[in-house]
Amino acid sequence: MAASHYPFPFPVQEAFTKRVAYFSMEFAIDQALKIYSGGLGFLAGSHMRSAYALRQHLVGVGMLWKFGYYDQGRHADQTLRVDWQQKLYAYLEDTGITFTIRIHDADVWIKAYYLPPDVFQSAPLYLLTTDLAENDYISQTISHRLYDGNTATKLAQYMVLGIGGGKLLDLLGYDAEVYHLNEAHALPVAFHVLQKFNKDREALRERLVFTTHTPEEAGNEKHPFDLCLAMGYFSGLSKMEAQEVTGIDDAQFNLSLAALRLARRANGVSRQHGRVAREMWGRYDNICGIGHITNAQHYRYWADAELYGAADQGNDARLAQRKKALKRQTFLTVADQTGRLFSPDVLTIVWARRFAGYKRADLLLRDRNRFERLIKNTAYPIQIIWAGKPYPGDQGAIDLFNSLVHLSHQYPNVAVLTGYELALSKLLKQGADIWLNNPRIPREASGTSGMTAAMNGALNLSTNDGWIPEFIKPGVNGFLIPEADYQHIGIDEQDNHDAYYLYELLEQQVLPMYYERHHEWLGLVKQSMADVRTAFGSDRMAREYYEQLYN
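All figures in this text were calculated on a predicted structure; none of them were measured in a lab.

A word on the sheet that holds strand S16 (residues 414-417)
Okay, so step 1: Strands sit in the order S16-S15-S14-S17-S18-S19 across an open sheet of 6 strands; the sheet is parallel. With one partner strand each, in any of the chains shown, S16 and strand S19 (478-480) form the two edges of the open sheet. Within the sheet, the average angular offset between the axes of one strand and its neighbour, ignoring direction, is 20°.
Okay, so step 2: Pairing of strand S14 (residues 347-352) with strand S15 (residues 382-387), which is carried by 6 bridges, proceeds in the parallel orientation. Paired with Thr348 across the strands is Gln383, a residue of S15.
Okay, so step 3: Contacts between helix H13 (residues 316-338) and the sheet are confined to S14, S15 and S16, with S16 contributing the most and set at about 80° to the helix.
Okay, so step 4: Lying on the sheet, helix H19 (residues 518-533) is in contact with S14, strand S17 (434-437), strand S18 (459-462) and S19; it crosses S18 at an angle near 90°.

Here it is in structure tokens:
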């Protein structure tokens, strides 16, 4: 069907007329639409908002997860409880489109729902579900849980997103000129497109682009080649054809490697990640070029307008007053969840993001004597908040979260919050003075939470990883933990090094400045807000995707 058969819902700017289909497992567009887990979704949501604002010819394709990622509740002792609650969305439109794809030699029915642009001011978004009466129970569960831990279910999810998404676009008459894979989950769309163009690899290559988010080869997904084949992952290609097309003849099928070989262009998500990705994949042949487009977040969604108004006017008193008001609002939630009464006059450190080992939620606890010295310092008092969602199948991450809960019971100025989604994320950034970001270098591809923290008057205290090298000016717009020679030392030594300098920064620079030279502190806050506003706003990022990846 011709592209003219698809009525795009708004006029398109001339610079952005190329028709793009953006595939992502998760989209964090609004708190009310719980189809995301963390950073990948936050990125996709901001991209969709900017595509709408810039009037780009882009449609999103995702999954309508019946239970979302999971709901983060508490057991009787306040430790984490994983809850699964069905989500209902009256504002999604039923397109009336149902169709089947083949999974494991059986028909699986798919229905498409639509999020109109005017609901949340985002680009048009189609969401797929298999939770239909026409399917057996196993097929219905494909769209139940984001990142299901079962391998076959996970592959089926990727097939619904990729093959199902590609088929939906055909049924809609949306003649995509670019298929953009936001991570390799939707890779099966490549094989759908290949079959659509009679196995013409160049026709596929000129249409496929790929964004990689993983800075370590071990972190890139691999699945048994024969299982992928048996499930229909390759859209009817024989094993020999799939091996020839992807250049992979191992027992394990590497999704990212296949994407890099099939795509015309790829990008990492920060300058540093682009370099790491080129080094990591450089030993493989026949891969596409890998550039970088640094992640960003949607300024108009995240930023506090009153803070920026005060900063733009140079009104430090109003800026400080507004920040205290935001902290008071945040601390209502702290009190409600934990029974702790935090003060807006006290420097507040927040560590909040996905609970993954390399992000080191507990780095601040590495030297308990120094932690005790910080937490009990009456001259320079501090308050600490932790929040974030561990993966529900990662018992190590859950145990770490629960250990922080137990730790918080010992101190009136430490809190651990649950329900880390868009709304709480924004609230914590408004309540933070210091946004603590201490991933183990070079494990963070980008990270974006510090961007939106800066948009709400918080200063980043960070290791030099991900997006931070492109932003940080130590002592001017934030604080930087000096970089260890991580390539020549072990993990324990690296953690000891980073923890030592984290304590030093807090004791020698952060706390004295906040309490004794607050005018200087506000100068850093204003510089940070200015530096993040445009360079790390997603309008810049959405433009660069057209300029560097799509056109």
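Focus: the sheet that holds strand S7 (residues 125-129)
By way of backbone hydrogen bonds, the strands of a sheet pair with one another, either parallel or antiparallel.
Okay, so step 1: As summarised here, the arrangement of the 9 strands in space is S5-S6-S7-S2-S1-S8-S9-S12-S13, forming an open sheet in which the pairing is mixed. Only two strands of the sheet have a single partner each, and these edge strands are strand S5 (93-103) and strand S13 (289-292). Each adjacent strand pair in this sheet contributes to an overall mean axis angle of 25°, direction not counted.
Okay, so step 2: Sheet analysis places strand S1 (residues 20-23) next to strand S2 (residues 58-63), joined by 4 bridges and oriented parallel. Of the residues in S2, the one forming a bridge with Ala21 is Val59.
Okay, so step 3: Of the strands in this sheet, strand S8 (178-182), strand S9 (208-211), strand S12 (265-268) and S13 touch helix H9 (residues 255-262), which is tilted by about 140° from S9.

Notes on the packing of aromatic side chains
Okay, so step 1: For the structure on display, the rule yields 39 aromatic pairs.
Okay, so step 2: Between Tyr69 and Tyr70 the ring centres are 5.0 Å apart and the planes differ by 45°, which places this aromatic pair in the tilted class. Each member of the pair, Tyr69 together with Tyr70, is buried.
Okay, so step 3: Here the aromatic rings of Phe191 and Phe234 are separated by 5.1 Å at their centres, their planes lie at 85°, and the arrangement is edge-to-face. You can see Phe191 sitting in helix H5 (residues 188-196) and its partner Phe234 sitting in the loop between helix H7 (225-231) and helix H8 (239-246), a full 43 residues away along the chain. A single burial state applies to Phe191 and to Phe234, both of which are buried.
Okay, so step 4: Its end group placed over the ring of Trp84, Arg145 keeps NZ or CZ at 3.8 Å from the ring centre.

Quick look at unusual backbone geometry
Okay, so step 1: Cis geometry marks the peptide bond from Ile441 to Pro442; its omega dihedral reads 5°.
Okay, so step 2: By secondary structure assignment, the location of Pro442 is in the loop between S17 and helix H17 (449-454).
Okay, so step 3: The phi dihedral of Arg55 is positive, around 60°, even though this residue is not glycine.
Okay, so step 4: Relative to the elements of secondary structure, Arg55 occurs in the loop between helix H1 (39-53) and S2.
Okay, so step 5: One non-glycine residue, Asn198, adopts positive backbone phi at about 55°.
Okay, so step 6: Summarising the element assignment, Asn198 is placed in the loop between H5 and helix H6 (201-205).

Remarks on the side chain of His180
Okay, so step 1: In this structure, His180 sits in strand S8.
Okay, so step 2: The exposure class assigned to His180 is buried, which follows from its relative accessible area of 0%.

Examining the nonpolar core
Nonpolar side chains tend to gather and get buried jointly when the protein is soluble and globular.
Okay, so step 1: Leu187, Phe253, Trp386 and Trp521 are the most contacted members of the largest nonpolar core, which totals 176 residues.
Okay, so step 2: It is helix H4 (residues 151-172) that provides the largest number of residues to this core, a total of 10 residues.
Okay, so step 3: Excluding residues within four positions of it along the chain, Trp386 makes contact with Trp351, Ala361, Leu365, Phe371, Leu404, Leu407, Val414, Ala415, Val416 and Leu417.
Okay, so step 4: Core analysis: the second largest hydrophobic core is formed by 17 residues, Ala387, Ala415, Tyr420 and Leu424 among them.

Remarks on helix H14 (residues 368-375)
Okay, so step 1: Three or more residues of H14 are buried, namely Arg370, Phe371, Leu374 and Ile375. Here the buried residues of H14 occupy an arc of 130° about the axis, which is enough to place them on one side.
Okay, so step 2: At the N-terminal end of H14, a side-chain oxygen is found 3.1 Å from the backbone nitrogen of Asn369, two or three residues along, and the residue is Asp367.

Some details on the environment of Thr212
Okay, so step 1: With respect to the helices and strands, the residue Thr212 is situated in the loop between S9 and strand S10 (222-224).
Okay, so step 2: Classification of Thr212 by relative accessible area gives buried; the value is 2%.
Okay, so step 3: As for Thr212 and His292, which are separated by 80 residues in sequence, their C-alpha atoms are 9.6 Å apart.
Okay, so step 4: If sequence neighbours within four positions are ignored, Thr212 has contacts with Glu183, Asn220, Asn267, Gly268, Val269 and His273.

Thresholds, definitions, all that
- Residues numbered from 1 in each chain as written.
- Predicted model: local features only at pLDDT ≥ 70, side-chain atom pairs only at ≥ 80, totals over all residues.
- Heavy atoms only, no water.
- Pairing = 2+ DSSP bridges.
- Helix = DSSP H or I, 4+ residues; strand = E, 2+ residues; numbered from the N terminus.
- Axes fitted to C-alpha atoms, helices over the stretch in contact; angles between N-to-C directions.
- Contact = heavy atoms within 4.5 Å.
- Phe/Tyr/Trp six-rings, centres within 6.5 Å; stacked < 30°, edge-to-face > 60°.
- Buried < 20%, exposed > 50% of the residue type's maximum accessible area, 1.4 Å probe, protein only.
- Lys NZ or Arg CZ within 6 Å of the ring centre and 35° of its normal.
- Core = buried A, V, L, I, M, F, W, Y, C linked by side-chain atoms within 4.5 Å.
- Arc of directions from axis to C-beta.
- Polar contact = N/O pair within 3.5 Å; in protein donor to acceptor, adjacent residues only side chain to side chain.

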